[in-house]
Amino acid sequence: MKVTYEQLAEGSRIFIYPASRKFYTKELPLIRAKLEAFCESFDNADLTCKIDYDRFLVFVVSEETPLDLNQQNVLVGFVQELEKEFDLVLLDKVNVFFKQGEYVQLKEIPDFKKLIKSKGVSKKTIVFDLMVNNKYEYEHYSEVPAGESWVSHFF
């Protein structure tokens, strides 16, 4: 059942799917409509979804109604359908997403290491941690300086 983001507690489970490219302006209304319909059709779980930075699909599930294995498979299947329909990758979380000014950039780890060596990024560069587990962590720890993040050991 669809709920609002604000209705969900800080301990609510979060699933983030990063897009291999920014969603095109013409795609956003269609993607939002598909997300809305998907969340509304979900049974036995309080769920909301949103798009952040026109790049990340964010699904938040109430801690009161956690997803069972079948529901998780339905969620992943939906994400896979979006991948095919919009010709992008959403299930690869091992790339580095970081901010350069107002833009969110994507680099594979070897390329991010090259940016470090060439001083294209620093320990102060904001990177995204897409492996946060709940709403609280998402709000407080998903955007952190690289020197305090999962890529800190590359410096």
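Keep in mind that this is a model prediction, so the values were computed, not measured.

Criteria and thresholds
- Residues numbered from 1 in each chain as written.
- Predicted model: local features only at pLDDT ≥ 70, side-chain atom pairs only at ≥ 80, totals over all residues.
- Heavy atoms only, no water.
- Core = buried A, V, L, I, M, F, W, Y, C linked by side-chain atoms within 4.5 Å.
- Buried < 20%, exposed > 50% of the residue type's maximum accessible area, 1.4 Å probe, protein only.
- Helix = DSSP H or I, 4+ residues; strand = E, 2+ residues; numbered from the N terminus.
- Contact = heavy atoms within 4.5 Å.
- Disulfide = S-S within 2.5 Å.

**Student:** So what exactly am I meant to see when it comes to the nonpolar core here?
**Tutor:** Grouped burial of nonpolar side chains is what soluble globular proteins tend to show. Of all hydrophobic cores here, the largest spans 25 residues; its most connected members are Tyr-17, Phe-23, Leu-35, Leu-57, Phe-59, Leu-75 and Leu-90. The set of elements that each furnish at least two residues to this core consists of strand S1 (13–18), helix H1 (28–41), strand S2 (47–52), strand S3 (56–61) and helix H2 (69–86). Ignoring sequence-local partners within four residues, the contact set of Leu-57 consists of Phe-15, Ile-16, Tyr-17, Phe-23, Ile-31, Leu-35, Lys-50, Ile-51, Leu-82 and Leu-90.

**Student:** Before we go on, may I ask you to explain the state of the cysteines in this structure?
**Tutor:** Note on terminology: a disulfide is the covalent bond linking the sulfur atoms of two cysteines. One pass over the structure, following the stated rule, counts 1 disulfide. With a sulfur-sulfur separation of 2.1 Å, Cys-39 is cross-linked through a disulfide to Cys-49. Taken together, the residues Cys-39 in helix H1 and Cys-49 in strand S2 connect sequence positions 10 residues apart. For Cys-39, a relative accessible area of 0% translates into the label buried. On the basis of relative accessible area, Cys-49 is assigned to the buried category, the value being 14%.

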